[in-house]
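A structural walkthrough
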Amino acid sequence: MNSGNGHDDSGAFGDGTGPWPGMDLQSLNNQFSELIRSAGMAQGSGSPAAAAAIRALANAFAEHPEAVVDVQMDLYNRQSDMMHRLASGEPSPQADADARFADPAWRENPVFDFIRRSYLVMAAWAEDLAQAAPGLTDIQRRRAAFFLRQAVAAYAPSNTLSGNPRALRALFDSQGESVKRGLDRLQSDLAGSNGRPSVPQTDMTAFELGVSLAVTPGDVVFRNELIELIRYEAASDLVFERPLLIFPPWINKFYVLDLTPANSLVAWLRDQGFTVYMVSWRSADHAIRDFDWNDYLKLGGRAALDWIHDAHDAPVNVAGYCVGGALASLLAARLADEDDDRIASLSLLAAQTDFSEPGDLGLFVDEAGIGEIETIIAEAGGVMPGEAMRDAFNLLRPEDLVWRYAEQRYLLGEEPKAFDLLYWNSDQTNLPGPLHLQSLRRLYISNALANAAFEIEDTTADLGMIETPVFLHAARKDHISPPDSVYKGAHLFGGDVTFLLADSGHIAGVVNPPDARKYRYWTRDVLPTTYASWVDGAEERPGSWWPVWADWLRGQSGEEVEPPAPVESAAPAPGGYVLETLAAIRAKDAAAT
């Protein structure tokens, strides 16, 4: 077989003269590819939920043989059409647009062109099987489709040595060194995975917190057993009298909002004259493994607000990102119920308050799925391991978050490039077991936040009591907080609501500095009943949404005053909690037991 790049591989390795004497290329490909798939699919697609979903699909077809004939004919017709287009020399826009097949050999070599087109036909057909299966419920169809996508992504030809022209070119050009390096890295990653192998997405040695990331000057002005409260230094002689408190998600660390200086939201807000406070959540260990939503509201939400209000003697603008928005909403609701007016405004960034349409994350949140999670938590000593959360989120975008890096690291033998956002994405946190289980049951299963039924502090929280102004942000391609789900929250509050739609996804849709001159956003003055209706009448504008939010915040921030005085003996930002890694926490807990 010719690799498409001038190399005839029929004798180069088949005669036993390659880097593994006695092993031909096909045997090497088979063993190597299975190892790679084992590493990638260990992300969770082999779980009981996956088995149950595929079993339901198989049973549906077994009970309806006529449907089997229909889907087989459908596959035959798709393959025939593909072969006709290939034979007639028609290009494949779908294949050309797929990043996995960007190498020119996929188009120029007839064998590779056939491989990619055949794969895409089979992939599309497989993903449609869930819709074609008779008798499945809607949730069964969506679950089956989800796991079929995982399998389809895993078995892409680009994930194999012999089916990837870039990998073959690197193999021959390096005299086998690329595969040797890849195999060494694969074995190392599997050995050091703590039972959950993961493909590294970036160079984890390229950044250092407080040195190259999270470098905006500030102080840890308050600390308790759950949070460190960071106040960032003012950049001007005058600041707005009402400060801004940000609750980031505890699923990852806070510095997604303070990456490199060019990508730092807190640095940009500071430069606009706001006094910015950031909560840094402690990654769960044995000391806080029993914490729940009451603890997070008391020791996180109320404690931070109390300190800031006492320091400024002014109402506080509160913002929450992702699940931090749920906490900010609960805090605002509880204060409204107590006639406490210390919150000047509420901003929710990519944060759901109505979870009736949560996207793919909600597919597996039922009592059976929670039972699996309870087992994981019990085996981890009472915490939801950060690695398990990583796996769940990676499964939502396997091509982008798993297989592209498997190709780069294992097939091409290349080290991942340094990327600040992917460094943060790989720096996971543990969650207290009770907190995580309550989140799944109350937010996803019961939709209690939207239904004014979320139990907190011996009562239920009602978002309709919040009459302070609300700024609601969503991201158009967000797969974690889908924009139509976020939009539902616009009708839950009792006061004025401003809704803005940003471009891109859950992270880039939030972290989009104006100087980057990227993406776009949409605004509209009215809030019709549905998200689709809002989009139909929205006005598109280029660039970052940050200036729009800053203008809105200025209207809630009062007069200009001198910056607050420094806190004596305060530790410098980014503090200590953010530096705790999963490995360090495991070692500390092991030593304590």
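Read on for a plain summary of the structure.

A look at the nonpolar core
- Formed by 83 residues in total, the largest nonpolar core has its most connected members in L245, F247, W250, W281, W293 and L346.
- A per-element tally of this core places helix α13 (residues 323-337) first, with nine residues.
- With near-sequence residues (within four places) excluded, W250 lies in contact with W281, W293, Y296, V323, L327, T429, L431 and L435.
- Residues I246, W268, L269 and A319 belong to the second largest nonpolar core, which totals 45 residues.

Details of the pattern of salt bridges
- Applying the stated rule across the entire model yields 39 salt bridges.
- Note that D271 and R270 form a salt bridge whose closest N and O atoms lie 2.9 Å from each other.
- Exposure remark for R270: the relative accessible area of 17% places this residue in the buried category.
- A cluster of three or more residues bridged by salt bridges with shared partners is formed by R302, R334, D337, E338 and E457.

Describing the packing of helix α3 (residues 48-62) against helix α8 (residues 138-154)
- Taken N-terminus to C-terminus, the directions of α3 and α8 make an angle of 115°; their axes are 9 Å apart at the nearest point. The pairing of α3 with α8 is recorded here as roughly perpendicular in orientation. By crossing handedness, the relation of α3 to α8 is classed as left-handed. Residues A49, A50, A53, I54, A56 and L57 of α3 form the contact with α8, whose participating residues are Q140, R143, A144, F147 and L148.
- In terms of residue class, the contact of α3 with α8 is made up of nine nonpolar, one polar and one charged.

A word on the packing of helix α15 (residues 386-396) against helix α16 (residues 398-411)
- Running from amino to carboxyl end, α15 crosses α16 at an angle of 105°, the nearest separation of the two axes being 6 Å. In this view, α15 runs roughly perpendicular relative to α16, as classed from their interaxial angle. Listed contacts from α16 to F393, N394, L395 and L396 of α15 are P398, L401 and V402.
- Grouping the amino acids of the contact of α15 with α16 by side-chain chemistry returns six nonpolar, one polar and no charged.

Some thoughts on the side chain of S557
- With respect to the helices and strands, S557 occurs in the loop between α21 (546-554) and β16 (560-561).
- Residue class for S557 comes out buried when judged on its relative accessible area of 0%.
- Among the polar contacts listed, one links the side chain of S557 to the backbone oxygen of L553, at a separation of 2.6 Å.
- Setting aside residues no more than four positions away along its own chain, S557 makes contact with F240, E241, R242, F274 and N317.

Details of the pairing of strand β2 (residues 227-232)
- Burial runs high along β2: six of the six residues are buried.
- The alternating pattern of β2 places I227, L229 and R231 on one face and E228, I230 and Y232 on the opposite face, and all of these are buried.
- When strand β1 (residues 218-223) meets β2, the two strands line up antiparallel, connected through five bridges. Residue pairing across strands places F222 opposite L229, the latter belonging to β2.
- The hairpin turn running from β1 into β2, its antiparallel successor, is three residues long.
- Judged from the five bridges that link them, β2 and strand β5 (residues 276-281) form a sheet pairing that is antiparallel. If you follow L229 over to β5, its bridge partner there is V279.

Looking at the environment of A58
- Tracing the chain through its elements places A58 in helix α3.
- On a C-alpha basis, the gap between A58 and V256 in space is 42 Å, while along the polypeptide they are 198 residues apart.

Quick look at the sheet that holds strand β14 (residues 520-523)
- What the eleven strands build is an open sheet, ordered β15-β14-β13-β12-β7-β6-β4-β5-β2-β1-β17; its pairing is mixed. Unpaired on one side and paired on the other, β15 (539-542) and β17 (571-572) mark the two borders of the sheet.
- Both strand β7 (residues 343-349) and strand β12 (residues 470-475) contribute to a ladder of four bridges, which runs parallel. Bridge pairing links L349 to H473 in β12.
- Together, β1, β2, β4 (244-247), β5, β6 (316-321) and β7 form the strand contacts of helix α12 (residues 293-312), whose direction differs from that of β2 by roughly 30°.

Quick word on α13
- For α13, built from 15 residues, the straight-helix expectation of 21 Å at 1.5 Å per residue is met to within 8% by its first-to-last C-alpha distance of 21 Å.
- Burial within α13 is extensive, with 14 of its 15 residues counted as buried.
- D339 sits one or two residues past α13 and shows a positive phi near 55°.

Cut-offs and rules
Every chain is numbered on its own, with residues counted from 1 as its sequence reads. In view of the model being predicted, local features appear only for residues whose pLDDT reaches at least 70, and side-chain atom pairs are presented and counted only at 80 or more, with totals across whole chains, interfaces and linings using the full set of residues. Hydrogens and waters are ignored; side-chain quantities use all the structure's heavy atoms. What we call a nonpolar core is a set of buried Ala, Val, Leu, Ile, Met, Phe, Trp, Tyr and Cys residues that are connected through their side-chain atoms within 4.5 Å. Under the scheme applied here, a residue whose accessible area is under 20% of the maximum for its type counts as buried, over 50% as exposed, and between as partly exposed, the area being computed with a 1.4 Å probe on protein chains only. Helix and strand labels come from DSSP, where a helix needs a run of H or I of at least four residues and a strand needs a run of E of at least two; each type is numbered from the N terminus. Contact definition: two residues touch when any of their heavy atoms are within 4.5 Å. Only one rule defines a salt bridge in this text: a Lys or Arg side-chain nitrogen within 4 Å of an Asp or Glu carboxyl oxygen. Lines are fitted to the C-alpha atoms to define the axes, a helix being fitted only along its stretch in contact, and any angle between axes, read from their N-to-C directions, falls within 0 to 180 degrees. An angle below 35 degrees is treated as roughly parallel, one above 145 as roughly antiparallel, one from 65 to 115 as roughly perpendicular, and anything else as oblique. Here a crossing is taken to be left-handed if its near helix is turned anticlockwise relative to the far helix by less than a right angle, and right-handed if that turn runs clockwise. We call Asp, Glu, Lys and Arg charged. Ala, Val, Leu, Ile, Met, Phe, Trp, Tyr, Cys and Pro are nonpolar, and the rest, Gly among them, are polar. Identification of polar contacts relies on pairs of N or O atoms within 3.5 Å, with a donor-acceptor requirement for protein atoms, meaning one able to donate a hydrogen and the other able to accept it, and with residues adjacent in sequence counted only if both atoms are side-chain atoms. At least two bridges found by DSSP between two strands is the condition for calling them paired. Under the convention used throughout, the expected extent of a helix is 1.5 Å for every residue step, that is, one less than its residue count.

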